[in-house]
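# Observations on the model geometry
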Amino acid sequence: MEVKVYKSTLTLVEGDITNEETDAIVNAANTRLAGGAGVDGAIHRAGGPSIMEECRKIGGCPTGQAVITTGGNLKAKYVIHTVGPVYQGGNKGEAQLLQSAHLESLKLASARNLKSIAFPAISTGVYGYPVNEAAQIALKTAIDYLREHSDIELVRFVLFGRKTYDIFADELKKLMP
Ligand code: AR6
């Protein structure tokens, strides 16, 4: 599914984000940037050890913030590591932190003059965020950003599995009828 947002394009695809050829891919990391399961594990496996070496030098990343490394062996030139919130029922500021994780990643891409960025469904795996709520926040943040910043030409959401893709597609239809 693809929509135009002012001068930019927002696309949803089902797939593995490690195969993306966007300027940057976003990693759903943890505050220690220590690597882990899910998309974090997949990115470090595919990108090779240089990404972890850079993460160690950076040292960490607070929840809702983002840092950048090169892409190692990935096709993407950069990896933007952001940390989404652990879902604890929804009343612990999770929505604001998830929005911030997306916004700070987009701002970092703009600051580096990157033209394209791919996001996974941050916080919806190990961190337990309900996919429909996370999709709404992720998509709305990207749409609002692209309406004001046309320097980023392409935002892709790369969803792992049909179920997650379908939920993102439903939420996108609601936001861009
Ligand atoms: N490409 C795209 N999406 C993927 C891939 C992939 N290769 N692999 C998994 N996903 P998660 P979180 C999806 O758990 O919830 C790690 O241990 C997955 O199906 O990766 O933010 C970190 O180190 C789900 O839809 O991230 C942190 O400790 C989405 O990516 C913690 O998990 C996010 O799931 C972060 O948890």
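Everything below is about the structure shown above.
Residues numbered from 1 in each chain as written. Predicted model: local features only at pLDDT ≥ 70, side-chain atom pairs only at ≥ 80, totals over all residues. Heavy atoms only, no water.

## Observations regarding the sheet that holds strand S7 (residues 154–159)
For the record, the criterion: In this scheme, strands are said to pair when DSSP sees at least two bridges between them. Helix numbering and strand numbering both begin at the N terminus, where a helix is a DSSP run of H or I of at least 4 residues and a strand a DSSP run of E of at least 2. Think of each axis as a best-fit line through the C-alpha atoms, taken over the contacting stretch in the case of a helix, with angles from 0 to 180 degrees between the N-to-C directions. Note on contacts: a residue pair is in contact if any heavy atoms of the two residues lie within 4.5 Å.
As summarised here, the arrangement of the 7 strands in space is S1-S2-S7-S6-S3-S5-S4, forming an open sheet in which the pairing is mixed. Two strands bound the open sheet, and with one partner strand each, they are strand S1 (2–5) and strand S4 (66–70). Pairwise comparison of adjacent strand axes, ignoring direction, gives a mean angle of 20 degrees for this sheet. Its contacts with the sheet place helix H2 (residues 49–58) against S4 and strand S5 (78–82), and it is angled at close to 140 degrees to S4.

## Here's the deal with the environment of aspartate 16
Our working rule: Polar contacts here mean pairs of N or O atoms no more than 3.5 Å apart (in protein, one a potential hydrogen donor and the other a potential acceptor; neighbouring residues in sequence count only if both atoms are side-chain atoms).
Topologically, aspartate 16 is positioned in the loop between strand S2 (8–14) and strand S3 (24–28). There is a polar contact of 2.8 Å between the side chain of aspartate 16 and the side chain of threonine 18.

## Examining the pattern of salt bridges
Two side chains of opposite charge can pair, provided their charged atoms sit close to one another. Which entries qualify depends on this criterion: Salt bridges are defined as contacts in which a side-chain nitrogen from Lys or Arg sits within 4 Å of a carboxyl oxygen from Asp or Glu.
Evaluation of the coordinates by the stated rule reveals 7 salt bridges. Three or more residues joined by partner-sharing salt bridges are found here, namely Glu14, Arg162 and Asp166.

## Quick notes on the site of the ligand
What counts, and what does not: Any residue with at least one heavy atom within 4 Å of a molecule or strand is counted as near it. Here the open area of atoms and residues is found with the Shrake-Rupley method and a 1.4 Å probe, where only the protein chains shown may cover a residue.
What surrounds the ligand is a group of 22 residues, the closest being Asn30, Val39, Asp40, Ser123 and Val126. Note that an oxygen atom of the ligand is positioned 2.8 Å from one of the backbone N or O atoms of serine 123. The separation between an oxygen atom of the ligand and a polar main-chain atom of tyrosine 127 is 3.0 Å. Compared with its free state, where it exposes 700 Å², the ligand has 90% of that area covered by protein. Considering every element that reaches the shell around the ligand, the biggest residue donor is helix H1 (residues 38–47), with 4 residues.

## Focus: the environment of serine 50
You can see serine 50 is positioned in helix H2. Along the sequence, serine 50 and threonine 69 sit 19 residues apart, while their C-alpha atoms lie 9.1 Å from each other.

## Points about unusual backbone geometry
Condition: Note on classification: 1.4 Å probe, protein chains only; a residue is buried when its accessible area is under 20% of the maximum for its type, exposed when over 50%, partly exposed between these limits.
A positive phi is found at tyrosine 6, a non-glycine position, where the angle reads about 50 degrees. You can see tyrosine 6 is positioned in the loop between S1 and S2. The exposure class assigned to tyrosine 6 is exposed, which follows from its relative accessible area of 55%. In this structure, asparagine 113 takes a positive phi of about 60 degrees despite not being glycine. If you trace the backbone, asparagine 113 turns up in the loop between helix H3 (94–111) and strand S6 (116–119). According to the relative accessible area criterion, asparagine 113 is exposed, its value standing at 60%.

## Quick word on the pairing of S7
Counted only if it meets this: The crossover handedness rule: strands pointing away from the viewer, path from first strand over the helix to second strand clockwise, crossover right-handed.
A large share of S7 lies buried, amounting to 5 of its 6 residues. Looking at chain direction, S2 and S7 are connected through 6 bridges and run parallel. Paired with threonine 11 across the bridge in S7 is arginine 156. Judged from the 4 bridges that link them, S6 and S7 form a sheet pairing that is parallel. Paired with isoleucine 117 across the bridge in S7 is valine 155. Remark: the S6/helix H4 (residues 131–148)/S7 crossover connection has right-handed handedness.

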